[in-house]
Amino acid sequence: LRSPRLANLHIEWPAGSVPEWVSPLLPSVFDGDTVHVFALLGKAPAGHLRLLGKPTEDEAPQVIGQG
């Protein structure tokens, strides 16, 4: 209940990876939340992607997860 909220979620895709479709992201998450993201890609991405979120509008994005 006291975890900070991270909002403005976005995915940072590897260079050259452009998804044709991505499932909508949640408006915000809290520590310990599970986030499922589905994407349709023409080819497998070369590299890692990162999920980022911001504690407040003025703060820098933080990495929530990567794969």
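Only a predicted model underlies this, so the values are computations on that prediction, with no experimental measurement involved.

(A) Focus on a nonpolar patch on the surface. A grouping of Trp21, Phe38 and Leu40 is seen on the molecular surface, where their side chains present a nonpolar patch of about 350 Å² in accessible area. What makes Trp21 partly exposed here is its relative accessible area of 46%.

(B) Just the confidence of the model for the protein, in detail. Put simply, the protein has an average pLDDT of 90, and 99% of its residues get 70 or more. For the protein, the element scoring lowest by mean pLDDT is strand β6 (residues 62-66), at 89; strand β2 (residues 21-22) scores highest, at 96.

(C) Layout of unusual backbone geometry. Even without a glycine there, the phi angle at Asn8 is positive, about 55°. Tracing the chain through its elements places Asn8 in strand β1 (residues 5-12). A residue is classified by how much of its surface remains accessible, and Asn8, at 36% relative accessible area, is partly exposed.

(D) Looking closely at the nonpolar core. Counting residues in each nonpolar core, the largest one holds five residues, listed as Leu6, Leu9, Ile11, Val29 and Leu51. The biggest single contributor to this core is β1, with three residues.

What counts as what
Residues numbered from 1 in each chain as written. Predicted model: local features only at pLDDT ≥ 70, side-chain atom pairs only at ≥ 80, totals over all residues. Heavy atoms only, no water. Patch = residues over 30% accessible without salt bridge, like charges linked within 9 Å, V, L, I, M, F, W, Y side chains within 5 Å. Areas by Shrake-Rupley, 256 points an atom, 1.4 Å probe, with all protein chains shown as cover. Salt bridge = Lys/Arg side-chain N within 4 Å of Asp/Glu carboxyl O. Buried < 20%, exposed > 50% of the residue type's maximum accessible area, 1.4 Å probe, protein only. pLDDT = per-residue confidence, 0-100. Helix = DSSP H or I, 4+ residues; strand = E, 2+ residues; numbered from the N terminus. Core = buried A, V, L, I, M, F, W, Y, C linked by side-chain atoms within 4.5 Å.

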